[in-house]
Amino acid sequence: KAGVTQTPRYLIKTRGQQVTLSCSPISGHRSVSWYQQTPGQGLQFLFEYFSETQRNKGNFPGRFSGRQFSNSRSEMNVSTLELGDSALYLCASSQNTGGNTEAFFGQGTRLTVV
Amino acid sequence: AQSVTQLGSHVSVSEGALVLLRCNYSSSVPPYLFWYVQYPNQGLQLLLKYTTGATLVKGINGFEAEFKKSETSFHLTKPSAHMSDAAEYFCAVTPQGGFQKLVFGTGTRLLVSP
């Protein structure tokens, strides 16, 4: 069974640009969550999607958005990039949306904003 | 809001020694508790989780953790460290009955010397 796949693995963007990151969950998983990991702030929850609906959102500005497709694949978008958006973005999938369900993480997309 | 405290950003042990990584949570109702491991340039891998039932939880790679409600703790242990255990370890919680939204501690880097 294939794991969670995130593309691309590495990305370099310029301030002010926008970026789209992709996440393919494990087959059969309907919940996809996104996290931002930085040295200063650690691991922070961005949002969770279940059956194409955003169920939960973290404390991030509106420049961060996401969506989920009918096949459970998810994308997150960051507009008007800032230097502080440089981070490892991790996607996690789980079978359902319950908090006691194991989340399986992808290897992440490392975004560098210059 | 729930929070997690991991004591010690770095823990150093010798190969074969006991590993003890500390985690305390802040919540009026016991949450679901997780330990994840992260190797360099990788995503997170679940070591073990506590949801309900037995308070001593066994995980992968010889790790275990004990949920102690009276101490609001969920410390991670391994009797004998191996070089391959060197990694960063994260304690995380989600609220009981809640959605997929992991709240992570700041992480503990485990260093294993020969």
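Look above for the structure.
Scope of this entry: the structure provided in the associated data block. All of these numbers come straight from a predicted model, not from anything done at the bench.

1. Observations regarding the pairing of strand 10 (residues 87–94) of chain B
Residue and element names in this part refer to chain B.
- Counting buried positions over the eight residues of strand 10 gives eight, a clear majority of the element.
- With burial as the criterion, each face of strand 10 is covered, one bearing A87, Y89, C91 and V93 and the other bearing E88, F90, A92 and T94.
- Pairing of strand 5 (residues 32–38) with strand 10 involves seven bridges; the strand directions are antiparallel. Note on strand 10: the bridge partner recorded for L33 is V93.
- Both strand 10 and strand 12 (residues 108–113) contribute to a ladder of three bridges, which runs antiparallel. Bridged to A87 within strand 12 is L110.
- As defined by bridge partners, strand 10 adjoins strand 11 (residues 103–104) across two bridges and the pair is classed as antiparallel. Directly across from V93, in strand 11, lies its bridge partner V103.

2. Digging into the sheet that holds strand 1 (residues 5–7) of chain A
Residues and elements named next belong to chain A.
- Read across the open sheet, the four strands follow the order 1-3-8-7; overall the sheet is antiparallel. Of all strands in the sheet, those bounded by a partner on one side alone are strand 1 and strand 7 (64–68). Here the average twist between neighbouring strands, direction ignored, is 20°.

3. Looking at the layout of surface pockets
- The space that makes up the largest pocket amounts to roughly 390 Å³.
- Taken together, 20 residues form the lining of the largest pocket, with A:Q37, A:P39, B:Q38, B:E88 and B:R109 sitting closest to its centre.
- Of all the secondary structure elements, the ones that give two or more residues to the lining of the largest pocket are strand 4 (31–38) and strand 9 (87–94) of chain A together with strand 10 of chain B.
- The element that contributes the greatest number of residues to the lining of the largest pocket is strand 10 of chain B, accounting for three residues.
- Tallied by class, the residues present in the lining of the largest pocket amount to seven nonpolar, ten polar and three charged.
- As a volume, the second largest pocket reaches approximately 330 Å³.
- Around the second largest pocket, the lining comprises 16 residues; the ones closest to its centre are A:F45, A:G58, B:K101, B:L102 and B:V103.
- Elements with a contribution of two residues or more to the lining of the second largest pocket: strand 5 (42–50) and strand 6 (53–57) of chain A together with strand 11 of chain B.
- Considering each element in turn, the lining of the second largest pocket owes the most residues, three residues, to strand 5 of chain A.

4. Re the interface of chain A and chain B
- Listed by partner, the interface residues are 25 residues for chain A and 19 residues for chain B.
- Carbon and sulfur atoms supply 51% of the area buried between chain A and chain B, which totals about 1900 Å² over both sides.
- Applying the counting rule to chain A against chain B returns zero salt bridges.
- Linking chain A with chain B are five residue pairs in polar contact (both at pLDDT 80 or more).
- Residue assignment for the side of chain A that touches chain B shows that the elements contributing at least two residues are strand 4, strand 5, strand 6 and strand 9 of chain A.
- Here the side of chain A that touches chain B is composed, by residue class, of seven nonpolar, 13 polar and five charged.

What counts and what doesn't
- Residues numbered from 1 in each chain as written.
- Chains lettered and ligands numbered in written order.
- Predicted model: local features only at pLDDT ≥ 70, side-chain atom pairs only at ≥ 80, totals over all residues.
- Heavy atoms only, no water.
- Buried < 20%, exposed > 50% of the residue type's maximum accessible area, 1.4 Å probe, protein only.
- Helix = DSSP H or I, 4+ residues; strand = E, 2+ residues; numbered from the N terminus.
- Pairing = 2+ DSSP bridges.
- Axes fitted to C-alpha atoms, helices over the stretch in contact; angles between N-to-C directions.
- 1 Å grid on protein atoms, 1.4 Å probe; cavity = no way out; pocket = protein on both sides within 12 Å on 5 of 7 lines; lining within 4 Å.
- Points joined across faces, edges and corners; volume = space filled by probe spheres on them.
- Nonpolar A, V, L, I, M, F, W, Y, C, P; charged D, E, K, R; others polar.
- Contact = heavy atoms within 4.5 Å.
- Buried area = accessible area lost by both parts, 1.4 Å probe.
- Salt bridge = Lys/Arg side-chain N within 4 Å of Asp/Glu carboxyl O.
- Polar contact = N/O pair within 3.5 Å; in protein donor to acceptor, adjacent residues only side chain to side chain.

These values are about where atoms sit, not about what they do.
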